[in-house]
Amino acid sequence: MPGTWADWPDTVTGTASQTQLHSRPTRPSYVPPHLRNRTAPETENYLVPSSNEGSNSNSLGGFPLKHSGSREIGLRGGGAGGGDRRRAPREPPNPFDVSDQLSEMGVSEENCDDGGINFDTYEDIPVEVSGSDVPPAVNSFQEIDLGDALNQNIRRCKYVKPTPVQRYAIPISIAGRDLMACAQTGSGKTAAFCFPIIAGIMKSRLGVQWPQRGGRIAYPVALILSPTRELSCQIHEEAKKFSYQTGVKVAVAYGGAPIQRQMRDLEKGVDILVATPGRLVDLAERSKVSLQMIKYLALDEADRMLDMGFEPQIRKIVEQMDMPQPGIRQTMLFSATFPNEIQRLASDFLSNYIFLTVGRVGSSTDLIAQRVEFVQEMDKRKHLMDLLYTERANGTNGKQVLTLVFVETKRGADSLENWLCMNGFSATAIHGDRTQPEREQALRSFKNGVTPIMVATDVASRGLDIPHVAHVVNFDLPKDIDDYVHRIGRTGRAGKTGLATAFFSEGNQPLAKALAELMQEANQEVPSWLSQYAERSSYGGGRSRRSGGSGRFGGYDYRRDGFSSGGNSYYNSDAGGGSGSSSFTSTPYPSFNVQASSYGNGLESIVASGWD
DNA sequence: AAAAAAT
């Protein structure tokens, strides 16, 4: 990779730089068919927003000079994003290119996932905060001093006003507080933890000499962990947008991809590292990265990160490497679901944290219509095919809408994909036994509609933001109701509506009760046969209240149950009120405030008021 | 029991 090239507006006009331009072995001239033959006036819209001194002369060979990344138009690039020639000196590629072009092309938010947040549906989202000295929520991004560069990026992302989780989470983390937050990815969660991190990094550098770059070991100040490679990739893409031209460097590290490139990126210096656990540990053991400068730690899909499979790895990273202690670093945990058990584990990583829960935007609310059908195991394929045919018939121009089909096993995913293809459906599959390039290819061709059906294991159940998934089919229901919640959350994103269909078979009996309750909470019609199944399983046990659940919220601060004893200084540090920690049981403790959106103070009023 | 995550 050449290290120096000029800003491209100059490049196109200057002869010398023309040469330079051609000397680079890029693929500038490929433009996807649907973008060809555009007329000249539109070319100015291709400019980088901040370096747009150029004019209409910025076209080459009849159509706009576009970076090679344009081959990815309509896709959310699989991480790489290399080969971009249209950059300001020493600046990373402009991450806004794709979406800007799309919107300028008159392509609605169809393929642009920054655009279409339907804010109307956010208006009445219930929010609940608990903890001591909770900073007040804000109503606009302007109320917080995020800095000019970041504000510009927020504008470029077309974020007009903060989503509920952002209104609360951003002030909390700007204030330096630890946070446990229940909210879905589609609710603007990534921005909620990225903005304060980026703003904080920039602020800490005011008037300070920039840290030395290019050392052999990378010392990121922020670490964002997620449970799947694709999710890390997605967060990285988002974080790059938010940090564009802020001087804040973002890098990503995950398995399945060549490590060399990731190591090179780290050597170039990194402020925010987005990673999956395994690869991070690997890099740390190779002494490519040290965590001793970490000031911000964010765990996305935190409940998965702390479940049985992942917990040891997370503990190793957070507690047994060189990461600063809680209280010194700032820790933020995010997930759509937070079982008590997990909250208890997570509190090891936190210091005097605030618990925030945002009513679901999407999953298990009106935005997702949930159906459950009784289907014998052997009839499932036939049943799925009927659904898909109906979909195709009802869809516009007989087009298949994006349909995500969840199955239990990797083998099952492959065989169902195969079967669908044999029966004339364009399907792909994603699961952990496929190679990383295969996984990324599957996701791409699903997102852009080439294969509008994707069969997936739970690798795709969490956090992935795939715009326009119209239908989630639980071909095999998961064992855990929280997984169901995450899965159906792949549709009804960003305030849009979606459909979730579950195939319930004999074997799903243990899930019946939780499923029926969940659907009831979401005002969905519960078939009477399901209620009967639920009754039958009720004496057997099983969690009656999901996640210690409080209705439409994703979670409930387990500290308020008064179960947690002494150890946590949090409860005992208060001067007023009861003298012993035992007094903190049912009555609200003076330092432990619970606030619920704009609806008075008591939780009771919220739960009772019903959010419909 | 399954899935994910390092090579």
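For the structure, see preceding data.
This structure is a prediction, so every number in the text was calculated from the model and none was measured. (Residues numbered from 1 in each chain as written. Chains lettered and ligands numbered in written order. Predicted model: local features only at pLDDT ≥ 70, side-chain atom pairs only at ≥ 80, totals over all residues. Heavy atoms only, no water.)

## With respect to the overall build of chain A
Right, so step 1: Along chain A, the regular secondary structure elements total 20 helices and 17 strands.
Right, so step 2: Within chain A, the proportion of its 612 residues that are buried is 56%.
Right, so step 3: Surface exposure of chain A reaches about 25,500 Å², of which carbon and sulfur atoms provide 50%. (Helix = DSSP H or I, 4+ residues; strand = E, 2+ residues; numbered from the N terminus. Buried < 20%, exposed > 50% of the residue type's maximum accessible area, 1.4 Å probe, protein only. Areas by Shrake-Rupley, 256 points an atom, 1.4 Å probe, with all protein chains shown as cover.)

## Thoughts on the environment of Cys157
Right, so step 1: You can see Cys157 is positioned in the loop between α4 (148–156) and α5 (164–174).
Right, so step 2: With a relative accessible area of 1%, Cys157 lands in the buried category.

## A few points about the pattern of salt bridges
Right, so step 1: Enumeration over the complete set of coordinates arrives at 28 salt bridges.
Right, so step 2: The shortest N-O distance in the salt bridge between Asp458 and Arg487 comes to 2.8 Å. Pair noted here: Asp458 is in the loop between β14 (453–456) and β15 (469–474) and Arg487 is in helix α16 (residues 481–488), with a separation of 29 residues, a long-range link.
Right, so step 3: Since its relative accessible area comes to 21%, Asp458 is described here as partly exposed.
Right, so step 4: For Asp483, the salt bridge is made with Arg462, and the minimal N-O distance between the two is 3.5 Å. With Asp483 in helix α16 and Arg462 in the loop between β14 and β15, the pair connects residues that are 21 residues apart, well separated along the chain.
Right, so step 5: On the basis of relative accessibility, which here comes to 5%, the residue Arg462 falls in the buried class.
Right, so step 6: One salt-bridge network, held together by shared partners, links Lys189, Asp300, Glu301, Asp303, Arg462 and Asp483. (Salt bridge = Lys/Arg side-chain N within 4 Å of Asp/Glu carboxyl O.)

## Concerning the protein's contact with DNA strand B
Right, so step 1: Taken together, 24 residues surround DNA strand B, and among them Arg279, Thr409, Lys410, Gly432 and Arg439 come closest.
Right, so step 2: Backbone atoms, meaning sugar and phosphate, make up 75% of the atoms of DNA strand B lying within 4 Å of the protein.
Right, so step 3: In this structure, a phosphate oxygen belonging to DNA strand B sits 2.7 Å away from a side-chain N or O atom of Arg439.
Right, so step 4: One nitrogen or oxygen atom from the side chain of Thr457 is found 3.0 Å from a phosphate oxygen belonging to DNA strand B.
Right, so step 5: With 5 residues, helix α9 (residues 277–285) is the largest single contributor of residues to the surface near DNA strand B. (Near = heavy atom within 4 Å. Polar contact = N/O pair within 3.5 Å; in protein donor to acceptor, adjacent residues only side chain to side chain.)

## Details of unusual backbone geometry
Right, so step 1: Positive phi, close to 65 degrees, is recorded for Lys158, a residue that is not glycine.
Right, so step 2: In this fold, Lys158 is placed in the loop between α4 and α5.
Right, so step 3: Relative accessible area serves as the criterion here: at 33%, Lys158 is assigned to the partly exposed category.
Right, so step 4: Residue Glu301 is not a glycine yet carries a positive backbone phi of 50 degrees.
Right, so step 5: Here Glu301 is to be found in the loop between β8 (296–299) and α10 (302–305).

## Concerning the packing of aromatic side chains
Right, so step 1: Taken as a whole and judged by the stated rule, the model has 13 aromatic pairs.
Right, so step 2: Taken together, a centroid distance of 5.5 Å and an interplanar angle of 85 degrees make the contact between Phe374 and Trp529 edge-to-face. Taken together, the positions of Phe374 in strand β11 (residues 368–374) and Trp529 in helix α18 (residues 528–538) put the pair 155 residues apart, joining distant regions of the chain.
Right, so step 3: Classification of Phe374 as partly exposed rests on a relative accessible area of 31%.
Right, so step 4: Both rings, one in Phe374 and one in Tyr533, keep their centres 6.0 Å apart while their planes meet at 20 degrees; by these two values the pair is stacked. With a gap of 159 residues between them, Phe374 in strand β11 and Tyr533 in helix α18 connect regions that are remote in the sequence. (Phe/Tyr/Trp six-rings, centres within 6.5 Å; stacked < 30°, edge-to-face > 60°.)

## Things to note about the packing of α5 against helix α6 (residues 189–204)
Right, so step 1: Contact pair α5 / α6: the axes reach a minimum separation of 9 Å and the direction vectors enclose 25 degrees. By the angle between their axes, α5 is roughly parallel relative to α6. Judged by the twist between their axes, the crossing of α5 over α6 is right-handed. Residues Val165, Gln166, Ala169, Ile170, Ser173 and Ile174 of α5 pack against Lys189, Ala191, Ala192, Phe195, Pro196 and Ala199 of α6.
Right, so step 2: Class assignment of the residues belonging to the contact of α5 with α6 gives a composition of 9 nonpolar, 2 polar and 1 charged. (Axes fitted to C-alpha atoms, helices over the stretch in contact; angles between N-to-C directions. Parallel < 35°, antiparallel > 145°, perpendicular 65-115°, else oblique. Left-handed = near helix turned anticlockwise from the far one by under 90°. Contact = heavy atoms within 4.5 Å. Nonpolar A, V, L, I, M, F, W, Y, C, P; charged D, E, K, R; others polar.)

## What to know about the nonpolar core
It is characteristic of soluble globular proteins that their nonpolar side chains tend to be buried jointly.
Right, so step 1: Counting residues in hydrophobic clusters, the biggest one holds 66 residues, and the most contacted among them are Leu146, Leu179, Phe195, Phe242, Ile272 and Leu356.
Right, so step 2: By residue number, the principal contributor to this core is α6, which donates 9 residues.
Right, so step 3: Split by domain, the residues of this core number at least three in each of domain 2 (119–358) and domain 3 (368–542).
Right, so step 4: Beyond its immediate sequence surroundings of up to four residues, Ile272 is in contact with Ile197, Ile198, Ile201, Ala222, Ile224, Val248, Lys249, Val250 and Ala251.
Right, so step 5: Among the nonpolar cores identified, the runner-up in size contains 39 residues, and Ala253, Ile259, Leu291 and Ala346 belong to it. (Core = buried A, V, L, I, M, F, W, Y, C linked by side-chain atoms within 4.5 Å. Domains from an automatic or database assignment.)

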